[in-house]
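Read off the chains here:
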Amino acid sequence: MDTGGLRRNQIIQGDCVEVMHDLPDHSVDLVFADPPYNLQLQKQLYRPNQTLVDAVTDDWDHFASFESYDDFSRRWLSECRRVLKDSGTIWVIGTYHNIFRLGTIMLDLGFWVLNDLVWHKTNPMPNFRGTRFTNATETLIWAKKSAEQKKYTFNYRAMKNFNDGKQMQNVWRIPLCIGAERIKVDGKKAHPTQKPEALLYRVILASTRPGDLILDPFFGVGTTGAVAKKLKRGFIGIEQDAGYIALARQRIAALPDEQVLPEALEIVSKRDLPRVPFSRLIESGLVRPGQKLYAPGKQASATVKADGHLLLNGTSGSIHQLAAQAAGKVSQNGWDYWHYRAAGGKMEKIDTLRARYREMNLG
């Protein structure tokens, strides 16, 4: 895992464009960016009880014009694309104020969008004036470096496991950062847009592996670094504000440096496993010519041929082709569809035999 000699788990103070300019090409596995929103606030906002709403009024969110914001966005996104490995991906989060502009710039630079994800805040701040719908969402853009990029990390099965065995959708219902997780100084929020760790947990779990290096060019109070440390990923954070950096370092240092068993962090996708043709099971003796394989519920059966194909109702084809035929579908994964009669008469998926072959022959 080459990171170009970069020192991992560091926070660098400075302008993100200037700092990234000194980072090596193709040196990070993932970028998570939570850039300024450019909210264009024109007046102070008060609650019905006349208390002032603590909105984003910091200097870092002020830009002279849309043009200046776009120019800044184009420069930092260009640097992100340069330092990202050819197998890496980027996440950019924003609100309706900026996410559409950022998405356009990303496409202009050559990024290719994999998903847009909606963070649905389950406890949003209400619209006190009653003039609009309550803003209860932010949008994340997940993209690879180019349309031609074939390889990138997506831990599909891990996210499915994380979602009680159901395919995870692109709407994530997660509350705003509140309570003990919210970092405060003298009783006030230290950072106006601190993201919840639950949000970063999903991002990092979905699109990195243990040991990967994550770049956050707008590090703030260190949510990315904190979650990266918990999941045994490395990070590089860039932040201009010395106060935020001090809080981030304190936060991350307070996390225990506990040893975690590698298997507790291991995420293996079936796509990462060595390919095993069905014919390998035949020549190894795990499946024999003439053996019957059964569809779910035994509503159909196929005969194993010596050449690695199956025979079903006079038609010869691969395990996938005949699974689709038996299921009445355009396509069907034969490894999950066909079953064999195991010891004791129990029906098992032939994918269990493929796993056994890997254990026996591929370590």
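Residues numbered from 1 in each chain as written. Predicted model: local features only at pLDDT ≥ 70, side-chain atom pairs only at ≥ 80, totals over all residues. Heavy atoms only, no water.

### Things to note about the sheet that holds strand 6 (residues 171-174)
Across the sheet, 8 strands lie side by side as 1-10-9-2-3-5-4-6; this open sheet has mixed pairing. The strands lining the two open edges of the sheet, one partner per strand, are strand 1 (10-13) and strand 6. Ignoring which end each strand starts from, the neighbouring axes of this sheet average 20° apart. The sheet contact formed by strand 4 (residues 112-121) and strand 6 spans 4 bridges and is parallel. Bridge assignment links Trp119 to a residue of strand 6, and that residue is Trp172. (Pairing = 2+ DSSP bridges. Helix = DSSP H or I, 4+ residues; strand = E, 2+ residues; numbered from the N terminus. Axes fitted to C-alpha atoms, helices over the stretch in contact; angles between N-to-C directions.)

### Some details on the pattern of salt bridges
According to the stated counting rule, one finds 15 salt bridges in the structure shown. The residue Lys229 makes a salt bridge to Asp257 at a minimum N-O spacing of 3.1 Å. Of this pair, Lys229 sits in helix 6 (residues 223-230) while Asp257 sits in the loop between helix 7 (242-253) and helix 8 (262-265), placing them 28 residues apart in sequence. Put simply, Lys346 and Glu348 hold a salt bridge, and the shortest N to O gap is 3.5 Å. (Salt bridge = Lys/Arg side-chain N within 4 Å of Asp/Glu carboxyl O.)

### Brief notes about the layout of surface pockets
The calculated volume of the second largest pocket comes to roughly 460 Å³. Considering the residues around the second largest pocket, the lining is formed by 30 residues, among which Asp34, His191, Phe218, Gly220 and Glu239 are closest to the centre. Elements with a contribution of two residues or more to the lining of the second largest pocket: helix 6 and strand 10 (234-239). For the lining of the second largest pocket, the class distribution of residues is 15 nonpolar, 9 polar and 6 charged. (1 Å grid on protein atoms, 1.4 Å probe; cavity = no way out; pocket = protein on both sides within 12 Å on 5 of 7 lines; lining within 4 Å. Points joined across faces, edges and corners; volume = space filled by probe spheres on them. Nonpolar A, V, L, I, M, F, W, Y, C, P; charged D, E, K, R; others polar.)

### Let's talk about helix 10 (residues 319-327)
Residues of helix 10 that are buried include every one of Ile319, Leu322, Ala323 and Ala324, and no others. Where the residues of helix 10 are buried, they touch helix 9 (278-283), strand 13 (310-312), strand 14 (315-317) and helix 11 (334-337). The first or second residue beyond helix 10 is Gly328, which carries a positive phi of 70°. (Buried < 20%, exposed > 50% of the residue type's maximum accessible area, 1.4 Å probe, protein only. Contact = heavy atoms within 4.5 Å.)

### Some remarks on the packing of helix 6 against helix 7
A packed helix pair is summarised by two numbers, namely the angle formed by the two axes and the spacing between the axes. Here helix 6 crosses helix 7 at 15°, and the two axes come no closer than 9 Å. Overall, the two elements helix 6 and helix 7 adopt an arrangement that is roughly parallel. Relative to helix 7, helix 6 is oriented so that their crossing is right-handed. Residues Thr223, Gly225, Ala226 and Lys229 of helix 6 pack against Arg251, Ile252 and Ala253 of helix 7. (Parallel < 35°, antiparallel > 145°, perpendicular 65-115°, else oblique. Left-handed = near helix turned anticlockwise from the far one by under 90°.)

### Considerations on the packing of aromatic side chains
Tallying each qualifying case throughout the model produces 11 aromatic pairs. Ring geometry for Trp142 versus Phe154: centroids 5.4 Å apart, planes at 50°, classification tilted. Here Phe154 lies in the loop between strand 5 (137-144) and helix 4 (156-162) and Trp142 lies in strand 5, a separation of 12 residues in the sequence. On the accessibility criterion, Trp142 (4% relative accessible area) is buried. Residue classification places Phe154 among the partly exposed positions, given a relative accessible area of 31%. In this structure an aromatic cluster arises from ring pairing among Trp91, Trp142, Tyr152, Phe154, Tyr156 and Trp172. Its guanidinium or amino end placed over the ring of Trp119, Lys121 lies 5.1 Å from that ring's centre, counting from NZ or CZ. Above the ring of Trp335, the side-chain terminus of Arg354 is found at 4.3 Å from the ring centroid. (Phe/Tyr/Trp six-rings, centres within 6.5 Å; stacked < 30°, edge-to-face > 60°. Lys NZ or Arg CZ within 6 Å of the ring centre and 35° of its normal.)

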